[in-house]
Protein chains: 2
Amino acid sequence: MSELQKTERTQVKRRAQRGVYDRETVNALLDEGLVCHIGFLAEGTPLVIPTGYGRRGEKLYIHGSSVSGMLGALAGGIDACVTVTLLDGIVLARAVFHHSMNYRSVVLLGKATLIVDPVEKLVALEVITEHLVPGRWDDARKPTPQELDATAVLSFPIEEASAKIRTGPPIDKEADYGSPIWAGVLPLALTASEAITDERCLPGATVPDYIRTYKRGTSLKA
Amino acid sequence: MSELQKTERTQVKRRAQRGVYDRETVNALLDEGLVCHIGFLAEGTPLVIPTGYGRRGEKLYIHGSSVSGMLGALAGGIDACVTVTLLDGIVLARAVFHHSMNYRSVVLLGKATLIVDPVEKLVALEVITEHLVPGRWDDARKPTPQELDATAVLSFPIEEASAKIRTGPPIDKEADYGSPIWAGVLPLALTASEAITDERCLPGATVPDYIRTYKRGTSLKA
């Protein structure tokens with residue numbers, strides 16, 4: 001397994017045993033997540049903004065309006081942090097103090113770059129679209145030159161990164177295991193329900209298979 | 001409806017029509033979310049860290065180890081941003097360009113304060129626990145003085161805040177509505193599945209009703 005750049009900044013300090021630094025794990029978590037939270041300084045104020053993304057190799061792509069304030073700020077080469085969090089469950093211990101969550105999170109540090117090459121830009125948009133809904137790119141109408149001009153796409157390096165993972169049952173103090181209090185894990189997952197067809201679809205438009213069977217999961221890109 | 005403090009920093013700029021500034025909406029979103037993402041500057045680096053929380057009135061509480069680097073930094077009175085994001089669906093337009101997500105997000109700006117009063121601290125821990133799983137506080141073993149000492153609880157003001165919300169079907173360019181491409185919304189929700197009882201529970205321990213019927217939703221605190 002290839003290791004990521006483990007720096008003082010990305011080393012997991014609290015509960016260090018939950019830190020993971022291999023690229024395969026980080027990539028799998030990034031592929032499973034749907035939105036990231038991007039942190040950056042905007043005129044001295046730390047801001048955290050949610051947005052979609054996609055991954056290809058060692059790059060994470062984000063996009064938005066070419067007049068977006070966030071993308072403009074990020075494209076200026078400022079330090080940024082991209083965090084992706086997957087919630088897997090609520091951990092109910094016997095003691096309030098030992099309640100926790102099962103989760104998998106990734107923190108990436110670095111600077112974004114504006115993609116200027118039109119071919120790379122189109123590929124990045126395909127990656128972002130396919131990350132959201134695998135199978136959608138080939139079905140949908142592709143961007144026009146005007147739409148491409150109205151879109152900014154940034155590339156963020158997956159280099160200085162770490163993951164933090166908690167799994168498994170609650171861990172109580174030994175003395176509390178004699179208590180009759182119920183304890184366990186309540187699993188959580190982001191799940192899709194039945195698709196709602198747009199009222200303005202032409203008669204006969206049917207829900208595509210890749211929508212009917214949509215599922216997030218670690219096997220997404222397996 | 002009471003209005004929040006709308007400042008240059010919290011005013012929604014991109015797609016301003018999605019901005020919401022009333023306290024009832026912001027509170028409902030905070031009550032429905034499970035984790036927030038906190039952004040702050042740590043030795044010059046913007047960091048975004050996920051964590052649980054709870055809300056009571058106009059305060060958001062977060063907690064962690066009393067030796068946590070993040071809580072120590074935040075308690076020092078630095079600027080921070082707390083963002084909560086709820087994903088409601090994937091918006092599949094006919095054009096790639098008009099793909100979007102249905103979401104509800106809240107951004108809070110301000111500075112955290114360490115809670116030193118032991119009564120307020122215990123109340124805040126109850127709020128955080130009940131936010132995670134309503135009904136759990138009365139069931140679980142309460143914190144000992146030692147556990148309280150090992151826990152830091154911060155209070156964050158819900159004052160300078162805004163919400164951003166997208167709902168509804170895809171919006172395509174008028175010309176694209178003549179296309180046979182399927183379009184619509186794929187609803188998403190964070191859902192709980194059947195609870196897993198800890199293997200070390202005493203014989204006869206049964207899953208409590210508040211776990212069996214657990215559901216996140218806007219009616220959580222209605």
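Everything discussed here concerns the structure shown above.
Everything quoted here is computed from the prediction, not taken from an experiment. (Residues numbered from 1 in each chain as written. Chains lettered and ligands numbered in written order. Predicted model: local features only at pLDDT ≥ 70, side-chain atom pairs only at ≥ 80, totals over all residues. Heavy atoms only, no water.)

### A look at the overall build of chain A
Phase 1: Scanning chain A from N- to C-terminus turns up six helices and twelve strands.
Phase 2: Its C-alpha atoms give chain A principal-axis dimensions of roughly 65 × 50 × 35 Å.
Phase 3: Sorting the 222 residues of chain A into buried and exposed places 54% on the buried side.
Phase 4: Put simply, of all contacts in chain A between residues at least 6 apart along the chain, 71% involve residues at least 24 apart.
Phase 5: For chain A, the accessible surface area stands at approximately 9800 Å², while carbon and sulfur atoms represent 55% of it.
Phase 6: Distance between charge centres in chain A, computed from 25 positive and 27 negative side chains, equals 5 Å. (Helix = DSSP H or I, 4+ residues; strand = E, 2+ residues; numbered from the N terminus. Buried < 20%, exposed > 50% of the residue type's maximum accessible area, 1.4 Å probe, protein only. Contact = heavy atoms within 4.5 Å. Areas by Shrake-Rupley, 256 points an atom, 1.4 Å probe, with all protein chains shown as cover. Lys, Arg positive; Asp, Glu negative; His and termini not counted. Charge placed at Lys NZ, Arg CZ, Asp CG, Glu CD.)

### Describing the interface of chain A and chain B
Phase 1: Contacts between the two partners involve 87 residues from chain A, matched on the other side by 87 residues from chain B.
Phase 2: Roughly 7300 Å² of surface becomes buried between chain A and chain B when both sides are summed, with 67% attributable to carbon and sulfur atoms.
Phase 3: Together, Val96, Arg141 and Trp182 of chain A form the three largest contributors to the area buried by chain A at its contact with chain B, with a combined 11%.
Phase 4: Inspection of the region where chain A meets chain B yields six salt bridges.
Phase 5: Here arginine 200 of chain B makes a salt bridge to glutamate 174 of chain A, at a shortest N to O gap of 2.5 Å. (Buried area = accessible area lost by both parts, 1.4 Å probe. Salt bridge = Lys/Arg side-chain N within 4 Å of Asp/Glu carboxyl O.)

### Quick look at helix α3 (residues 118-132) of chain A
Phase 1: In this model α3 of chain A runs 21 Å from its N-terminal to its C-terminal C-alpha over 15 residues, within 8% of the 21 Å that 1.5 Å per residue would give.
Phase 2: Buried within α3 of chain A are the following residues: Lys121, Ala124, Leu125, Val127, Ile128, Thr129, His131 and Leu132 of chain A. (Expected span 1.5 Å × (residues − 1).)

### Some points on the nonpolar core
Phase 1: Leu108 of chain A together with Leu108 of chain B are the most contacted members of the largest nonpolar core, which has 64 residues in total.
Phase 2: What leucine 108 of chain A contacts, discounting residues up to four positions off in sequence, is Val26, Leu30, Leu60, Ala80, Cys81, Val82, Phe156, Ile158, Glu160 and Ala161 of chain A. (Core = buried A, V, L, I, M, F, W, Y, C linked by side-chain atoms within 4.5 Å.)

### Focus: empty space enclosed by the protein
Residues and elements named next belong to chain A.
Phase 1: Scanning all chains against the criterion turns up one cavity of 30 Å³ or more.
Phase 2: Within this model, the largest cavity holds a volume of roughly 30 Å³.
Phase 3: What lines the largest cavity is Ile38, Leu60, Ile62, Val82, Ala112, Leu154 and Phe156.
Phase 4: Elements with a contribution of two residues or more to the lining of the largest cavity: β5 (59-65) and β9 (151-157). (1 Å grid on protein atoms, 1.4 Å probe; cavity = no way out; pocket = protein on both sides within 12 Å on 5 of 7 lines; lining within 4 Å. Points joined across faces, edges and corners; volume = space filled by probe spheres on them.)

### Brief notes about the sheet that holds strand β8 (residues 113-114) of chain B
Residue and element names in this part refer to chain B.
Phase 1: Ordered in space as β4-β5-β9-β8, the four strands form an open sheet in which the pairing is antiparallel. Each end of this open sheet is capped by a strand with a single partner; those strands are β4 (54-56) and β8.
Phase 2: Pairing between β8 and strand β9 (residues 151-157): two bridges, direction antiparallel. Residue pairing in the sheet places threonine 113 in a bridge with serine 155 of β9. (Pairing = 2+ DSSP bridges.)

### Side note on the pattern of salt bridges
Phase 1: Applying the stated criterion to the full structure yields 28 salt bridges over all chains.
Phase 2: Among the salt bridges present, the one from aspartate 198 of chain B reaches arginine 94 of chain A, with a minimum N-O distance of 3.0 Å. Of this pair, aspartate 198 of chain B sits in the loop between β12 (196-197) and α6 (209-212) while arginine 94 of chain A sits in the loop between β6 (79-92) and β7 (100-111), each in a different chain. Summarising the burial analysis for this pair, aspartate 198 of chain B and arginine 94 of chain A share the class buried.
Phase 3: Each of the salt bridges in this network shares a partner with another, and the network as a whole consists of Arg23, Glu58 and Glu159 of chain A.

### Details of unusual backbone geometry
Residues and elements named next belong to chain B.
Phase 1: The backbone of arginine 15 sits at a positive phi, close to 55 degrees, despite the residue not being glycine.
Phase 2: Mapped onto the elements of the fold, arginine 15 is located in the segment before β1 (19-20).
Phase 3: A residue is classified by how much of its surface remains accessible, and arginine 15, at 42% relative accessible area, is partly exposed.
Phase 4: We note that glutamate 43 has phi near 50 degrees; this positive angle belongs to a residue other than glycine.
Phase 5: With respect to the helices and strands, glutamate 43 occurs in the loop between β2 (35-42) and β3 (45-52).

### Quick look at the side chain of threonine 151 of chain A
Phase 1: Looking at the secondary structure, you find threonine 151 of chain A in strand β9.
Phase 2: Only 2.7 Å separates the side chain of threonine 151 of chain A from the backbone oxygen of glutamate 147 of chain A, close enough to count as a polar contact.
Phase 3: With sequence-adjacent residues up to four places away left out, threonine 151 of chain A is seen in contact with His63, Gly64, Ser66, Lys121 and Leu125 of chain A together with Phe97 of chain B. (Polar contact = N/O pair within 3.5 Å; in protein donor to acceptor, adjacent residues only side chain to side chain.)

### Looking at the environment of isoleucine 158 of chain B
Residue and element names in this part refer to chain B.
Phase 1: Along the polypeptide, isoleucine 158 turns up in the loop between β9 and β10 (160-166).
Phase 2: For the pair formed by isoleucine 158 and leucine 108, sequence separation is 50 residues and the distance between their alpha carbons is 6.5 Å.
Phase 3: Discounting residues that sit within four places of it in the chain, isoleucine 158 has contacts with Leu4, Arg23, Val26, Asn27, Leu30, Arg55, Gly57, Glu58, Lys59, Leu60 and Leu108.

### Examining the relation of the copies chain A and chain B
Phase 1: For the pair chain A and chain B, the relating rotation is 180 degrees, the translation along its axis is 0.0 Å, and the fit reaches an RMSD of 0.0 Å. Both copies of the chain, as the preceding transformation shows, are related through a two-fold rotation axis. Residue leucine 190 of chain A, judged by its C-alpha, is the member of chain A lying nearest the rotation axis, at 2.1 Å.
Phase 2: By residue overlap, the copies meet face to face through one surface: 100% of the interface positions of chain A are interface positions in chain B. (Least-squares fit on C-alpha atoms with pLDDT ≥ 70 in both.)

### Section: the sheet that holds strand β8 (residues 113-114) of chain A
All names here are of chain A.
Phase 1: Within the open sheet, the four strands sit side by side as β4-β5-β9-β8. Their pairing is antiparallel. Two strands bound the open sheet, and with one partner strand each, they are β4 (54-56) and β8.
Phase 2: Summarising the sheet, β4 and β5 pair through three bridges and their orientation is antiparallel. Within β5, the residue paired with arginine 56 across the bridge is lysine 59.
Phase 3: Its contacts with the sheet place α3 against β4, β5 and β9, and it is angled at close to 95 degrees to β5. (Axes fitted to C-alpha atoms, helices over the stretch in contact; angles between N-to-C directions.)

### Thoughts on the side chain of aspartate 198 of chain B
Phase 1: What makes aspartate 198 of chain B buried here is its relative accessible area of 8%.
Phase 2: Within the structure, aspartate 198 of chain B has its side chain in polar contact with the side chain of arginine 94 of chain A (distance 3.0 Å).
Phase 3: Excluding anything up to four places from it in sequence, aspartate 198 of chain B contacts Arg94, Pro169, Pro170, Tyr177, Ala183 and Gly184 of chain A.

### Remarks on the packing of aromatic side chains
Phase 1: Throughout the structure, instances matching the rule amount to zero aromatic pairs over all chains.
Phase 2: Positioned above the aromatic ring of tyrosine 177 of chain B, the side-chain terminus of arginine 200 of chain A is 3.6 Å from the ring centre. (Phe/Tyr/Trp six-rings, centres within 6.5 Å; stacked < 30°, edge-to-face > 60°. Lys NZ or Arg CZ within 6 Å of the ring centre and 35° of its normal.)

Everything listed here is a matter of geometry and, on its own, says nothing about what the molecule does.
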